[in-house]
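One letter stands for each residue in the lines below.
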Amino acid sequence: MRERIVQLTIVDDYEALSRAGADLMADLIEARPDASIILATGETPLGLYRELAERRRRGELDVSRARFFQLDAYMGLGPDDRRSLYGWMKRSVLDPLDVPEANVVRLPGDAPDIQAACRAYDAAVRAAGGIDLAVLGLGPNGHLGFNEPPADPASPTRALDLTEESIVSNARYWGGRDEVPRRALTAGLSVLLAARGTLLVVSGAHKNAILRRTVEGPIIPDVPASYLQGAANVTVLADKAAWGE
Ligand code: GLP
């Protein structure tokens, strides 16, 4: 049986969050150099990724054997589109860590057969022996990846319509809501909740209410992230602003 612990760590500010997140990821990679890791995009993990890149530059970190999985993607965008989440992942973490393309499993939003691409992603997760660590951010509506509410914890990797709340929150990345694609692909909750470890990073007062519902509220489809309460080895890393101190 797996151990079920939600470990809540509250740190002073975003910088401390980035360092603590990098510590956790670096410890995992040291213990298991061939780890399979899902990497979120979004703004919250950017500091953590920068910190990891620094450590790699200083020769303190070797990620050459780790395997990285894309968490979510907009539908219909090729990797060269400025809004491609693969492009974001590449710029913010894969290139700074010098990860070879062969060690990355993409979620291709531009695949001719989306269903087959989603099945291939889930097969790649199985072939890797499951996910060792999912690095996740928290959507303003409680989504993980793009698993929108109401969420089914058994859902596979799939395409879906984005909710209005996600479109509005993603608008800030691309300069307006009209720039945000209406459909997306996401690693399914079944994949995320089966991970052997999860790091959920949450920063800023605007996440306060949804963070409390995630950790303290009932486990309900309307708050997809609340399902983490029943998952294995979950670390919720939040700054004081997000926790509300
Ligand atoms: C976005 C993405 C998620 C991300 C989350 C939080 O919509 N789909 O993968 O983790 O919302 O984003 P941010 O860290 O920018 O607040």
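As the structure is a computational prediction, the values presented were derived from the model and not from experiment. (Residues numbered from 1 in each chain as written. Predicted model: local features only at pLDDT ≥ 70, side-chain atom pairs only at ≥ 80, totals over all residues. Heavy atoms only, no water.)

Turning our eyes to something else, we now look at the overall build of the chain. From N to C terminus, the chain includes eight helices and ten strands. Referenced to the eigenvectors of the C-alpha coordinate spread, the extents of the chain come out at roughly 40 × 40 × 40 Å. Residues counted as buried form 55% of the 245 residues belonging to the chain. When contacts within the chain are restricted to residue pairs at least 6 apart in sequence, those whose partners lie at least 24 apart make up 79%. Accessible surface computed for the chain: about 10600 Å², of which carbon and sulfur atoms make up 49%. (Helix = DSSP H or I, 4+ residues; strand = E, 2+ residues; numbered from the N terminus. Buried < 20%, exposed > 50% of the residue type's maximum accessible area, 1.4 Å probe, protein only. Contact = heavy atoms within 4.5 Å. Areas by Shrake-Rupley, 256 points an atom, 1.4 Å probe, with all protein chains shown as cover.)

If you check the shell around the ligand, you find 15 residues, and the closest are Glu 43, Thr 44, Asn 170, Tyr 173 and Lys 207. In this structure, His 143 approaches the ligand through a side-chain N or O atom, which is 3.0 Å from an oxygen atom. Within the side chain of Asn 170, one N or O atom sits 2.8 Å away from an oxygen atom of the ligand. Calculation on the ligand without its partners gives an accessible area of 390 Å², and the protein chains cover 98% of this total. One can see that the ligand is located within the largest pocket. In terms of residue count, helix H5 (residues 164-174) provides more of the shell around the ligand than any other element does, three residues in total. Taken together, the residues of the shell around the ligand sort by class into four nonpolar, seven polar and four charged. (Near = heavy atom within 4 Å. Polar contact = N/O pair within 3.5 Å; in protein donor to acceptor, adjacent residues only side chain to side chain. 1 Å grid on protein atoms, 1.4 Å probe; cavity = no way out; pocket = protein on both sides within 12 Å on 5 of 7 lines; lining within 4 Å. Sits in = over half its atoms within 2 Å of the grid points. Nonpolar A, V, L, I, M, F, W, Y, C, P; charged D, E, K, R; others polar.)

As a further point, take the sheet that holds strand E8 (residues 183-186). To summarise the sheet geometry, strands pair through backbone hydrogen bonds and adopt either a parallel or an antiparallel arrangement. The strand order across the open sheet built from three strands is E4-E8-E7, with neighbouring strands paired in antiparallel fashion. With partners counted over all chains shown, the strands left at the sheet margins are strand E4 (72-74) and strand E7 (158-161), one partner each. Looking at each pair of strands side by side, their axes are set apart by 25° on average, direction ignored. (Pairing = 2+ DSSP bridges. Axes fitted to C-alpha atoms, helices over the stretch in contact; angles between N-to-C directions.)

On to the side chain of Glu 51, then. Relative to the assigned elements, Glu 51 resides in helix H2 (residues 46-57). Leave out the neighbours within four places in its chain, and Glu 51 touches Ser 18, Arg 19 and Ala 22.

With that settled, consider the packing of helix H1 (residues 14-31) against H2. Packing of H1 against H2 brings their axes to within 8 Å, and their N-to-C directions diverge by 55°. Here H1 is positioned oblique relative to H2, judged by the angle of their axes. The two elements H1 and H2 cross, and the hand of that crossing is right-handed. Only Leu 46, Gly 47, Leu 48, Arg 50, Glu 51, Leu 52 and Arg 55 of H2 make contact with H1, whose side of the interface consists of Tyr 14, Ser 18, Arg 19, Gly 21, Ala 22, Asp 23, Met 25 and Ala 26. For the contact of H1 with H2, a count of residues per class yields seven nonpolar, three polar and five charged. (Parallel < 35°, antiparallel > 145°, perpendicular 65-115°, else oblique. Left-handed = near helix turned anticlockwise from the far one by under 90°.)

In the structure shown here, the tally under the stated rule is 18 salt bridges. Put simply, Asp 95 and Lys 90 hold a salt bridge, and the shortest N to O gap is 3.2 Å. Look at Lys 90 and you get partly exposed, because its relative accessible area is 29%. By sharing partners, the salt bridges in this structure join Glu 54, Arg 57, Arg 58 and Glu 60 into a single network. (Salt bridge = Lys/Arg side-chain N within 4 Å of Asp/Glu carboxyl O.)

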